[in-house]
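Examination of the molecular architecture
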Amino acid sequence: MRLSTVLHVVGTLLLILAPAMLVPIPFSLYYGDRDWIALLASAAVTAGLGLVLHRLKRPDSDIRHREGFAVVAFAWLLATLCGSLPFLFSGAIPSFTDAFFETVSGFTTTGASILSDIEALSHGILFWRSLTHWIGGMGIIVLTIAILPFLGVGGMELYRAEGVRTAGDRLTPRITDTAKILWGVYVVLTAAMVALLLLGGMNLFDALCHAFGAIATGGYSTRNVSMAAFPSPFIQYVTVLFMVLGATNFSLHYRARRGELRVYLRDHECRFYLVLLAIATLIVCGYTFAQREFGVERTFRDTLFQVTSIGTTTGYATADYEQWPNGPQYILLVLMLFGGSAGSTAGGLKQLRVYIVLRFVIREMGRMLHPNAVLPVRMGKEAVQREIVANILGSFIL
């Protein structure tokens, strides 16, 4: 393995990450916070390290398979270490372990937090915290792939190592063009949500931070009570819509933007996911209506929001679902484990895998009734290769 090639590409990633640390500074200055100094220092350290690694031997050929996996591993590690610097330099999170945890949770869009008083943080640090979601949501590696042609490096091995899978795998013959398209869709969706949240009465700071969390299905909020701090039905329904869009295969969004508006209904995984969320919402509604403390619309809205938030692995909250009966909590747990669609920003096992496992179970029941029948596992009209089915079953078992 050519270690210099790996470090060269990781250095390029850090050179991309460094300017991102400067993005929160205007909010820091506007609100009169002094965290801009920590952000500027963090960007300088990150850029310096990135420049040192970038100046190592330039690769003379495409990245190989083993090197692709190494880039992914080192990229997430070094990006997280550098991403922790604003928390440490500003004193917002003085413990290295806590700062590292918060940054890992951000970049991986997990959304778990060590903070007990989120609103005590300065605006620049809060913005960086939410921005880690947005950067990690589409994937730092996909961003790197988009700029690799300028370095003379091929990105297919990075693409495979990161495990990205979209409908049809590629939207264009060149993988770098695919990465650019996905990022373009990502930016457009984020801008659309910000505009709608502003229309609903949010300020620009909160609108950007919550759009980052919804589209990236991460869930970092600027408020201690999460989305419950914004009781507007319009804002909450908009957030539900974009959490679902964030958890949907991004190649479908691209095709819809090109005019194929029925692509969502034709896609088996998307249909399965939407039906699953709808059924779960109705079942949980049945529980919560019996114990409702509010009106019908508010009860339905809280239920829809929580089912969507947990089912897309986002984690925003408008109600304390721990006070709900055990039945709804079990449903939310299963939805969280299943996660969102393949090729989306959501976590979990992915609905594509869940769908194929269910088709496999149905196939095996059919073979018990008809031992000599040829019954392939199908995704629509296409038979799924046995190797893929075995890979998916292995993921489930693991």
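See the structure printed just above.
These remarks concern the structure in this document. Everything numeric in this text was worked out from a predicted model, so none of it was measured.

**What to know about the overall build of the protein chain**
Per the secondary structure count, the protein chain includes 19 helices and 2 strands. Among the 398 residues that make up the protein chain, the fraction classed as buried is 51%. The contacts in the protein chain between residues at least 6 apart in sequence include a share of 69% that link residues at least 24 apart.

**Focus on a nonpolar patch on the surface**
A contiguous nonpolar surface patch, about 540 Å² in accessible area, is contributed by Met1, Leu3, Phe74, Leu77, Leu81 and Phe96. No other element matches helix α4 (residues 65-83), which puts 3 residues into the nonpolar patch. As for its position among the elements, Leu77 is in helix α4.

**Quick notes on the pattern of salt bridges**
Under the defined criterion, the tally for this structure stands at 7 salt bridges. A salt bridge links Asp302 to Arg298; the nearest nitrogen and oxygen atoms lie 3.0 Å apart. With Asp302 and Arg298 both in helix α16 (residues 296-311), this residue pair falls 4 residues apart, about one helical turn. Residue classification places Arg298 among the partly exposed residues on the basis of a relative accessible area of 29%. Ionic pairing is found between Glu364 and Arg367, a salt bridge with its closest N-O pair at 3.6 Å. Of this pair, Glu364 and Arg367 both sit in helix α18 (residues 351-369), 3 residues apart, roughly one helical turn. Residue classification places Arg367 among the partly exposed residues on the basis of a relative accessible area of 39%. Beyond isolated ion pairs, a larger network of salt bridges with shared partners links Arg363, Glu364 and Arg367.

**Focus: the nonpolar core**
Formed by 68 residues in total, the largest nonpolar core has its most connected members in Leu17, Trp128, Tyr186, Met193 and Phe250. Broken down by element, this core gets its largest block of residues, 9 residues, from helix α10 (residues 175-199). Those residues in contact with Leu17 that lie beyond four places of it in its chain are Thr46, Ala79, Cys82, Phe107, Trp128 and Ile135. Formed by 12 residues, the second largest nonpolar core is a distinct cluster that contains Leu277, Val284, Leu335 and Ala346.

**Remarks on the packing of aromatic side chains**
Counted by the stated rule, this structure contains 15 aromatic pairs. An angle of 75° between the planes, with centres 5.5 Å apart, marks the rings of Phe127 and Phe212 as edge-to-face. Of the two residues, Phe127 is situated in helix α7 (residues 123-138) and Phe212 in helix α11 (residues 204-215); the sequence distance between them amounts to 85 residues. Aromatic pair Trp134 and Phe212: ring centres 5.7 Å apart, planes at 45°, arrangement tilted. Of this pair, Trp134 sits in helix α7 while Phe212 sits in helix α11, placing them 78 residues apart in sequence. Classification of Trp134 as buried rests on a relative accessible area of 15%. A relative accessible area of 7% means that Phe212 is categorised as buried.

**Notes on the side chain of Thr313**
With respect to the helices and strands, Thr313 occurs in the loop between α16 and α17 (326-338). A polar contact is formed between the side chain of Thr313 and the backbone nitrogen of Gly347, at a distance of 2.9 Å. Ignoring any residue separated from it by four or fewer positions in sequence, one finds Thr313 in contact with Thr109, Thr217, Met336, Gly339, Ala346, Gly347 and Gly348.

**Notes on the packing of α7 against α11**
Two elements in contact, α7 and α11, have axes separated by 7 Å at closest approach and are oriented at 30°. Overall, the two elements α7 and α11 adopt an arrangement that is roughly parallel. Crossing angle aside, the handedness with which α7 passes α11 is left-handed. Of the residues in α11, those touching α7 at His123, Leu126, Phe127, Ser130, Leu131, His133 and Trp134 are Phe205, Leu208, Cys209, Phe212 and Gly213. Here the contact of α7 with α11 is built from residues that sort into 8 nonpolar, 4 polar and no charged.

Reading guide: rules and limits
Residues numbered from 1 in each chain as written. Predicted model: local features only at pLDDT ≥ 70, side-chain atom pairs only at ≥ 80, totals over all residues. Heavy atoms only, no water. Helix = DSSP H or I, 4+ residues; strand = E, 2+ residues; numbered from the N terminus. Buried < 20%, exposed > 50% of the residue type's maximum accessible area, 1.4 Å probe, protein only. Contact = heavy atoms within 4.5 Å. Patch = residues over 30% accessible without salt bridge, like charges linked within 9 Å, V, L, I, M, F, W, Y side chains within 5 Å. Areas by Shrake-Rupley, 256 points an atom, 1.4 Å probe, with all protein chains shown as cover. Salt bridge = Lys/Arg side-chain N within 4 Å of Asp/Glu carboxyl O. Core = buried A, V, L, I, M, F, W, Y, C linked by side-chain atoms within 4.5 Å. Phe/Tyr/Trp six-rings, centres within 6.5 Å; stacked < 30°, edge-to-face > 60°. Polar contact = N/O pair within 3.5 Å; in protein donor to acceptor, adjacent residues only side chain to side chain. Axes fitted to C-alpha atoms, helices over the stretch in contact; angles between N-to-C directions. Parallel < 35°, antiparallel > 145°, perpendicular 65-115°, else oblique. Left-handed = near helix turned anticlockwise from the far one by under 90°. Nonpolar A, V, L, I, M, F, W, Y, C, P; charged D, E, K, R; others polar.

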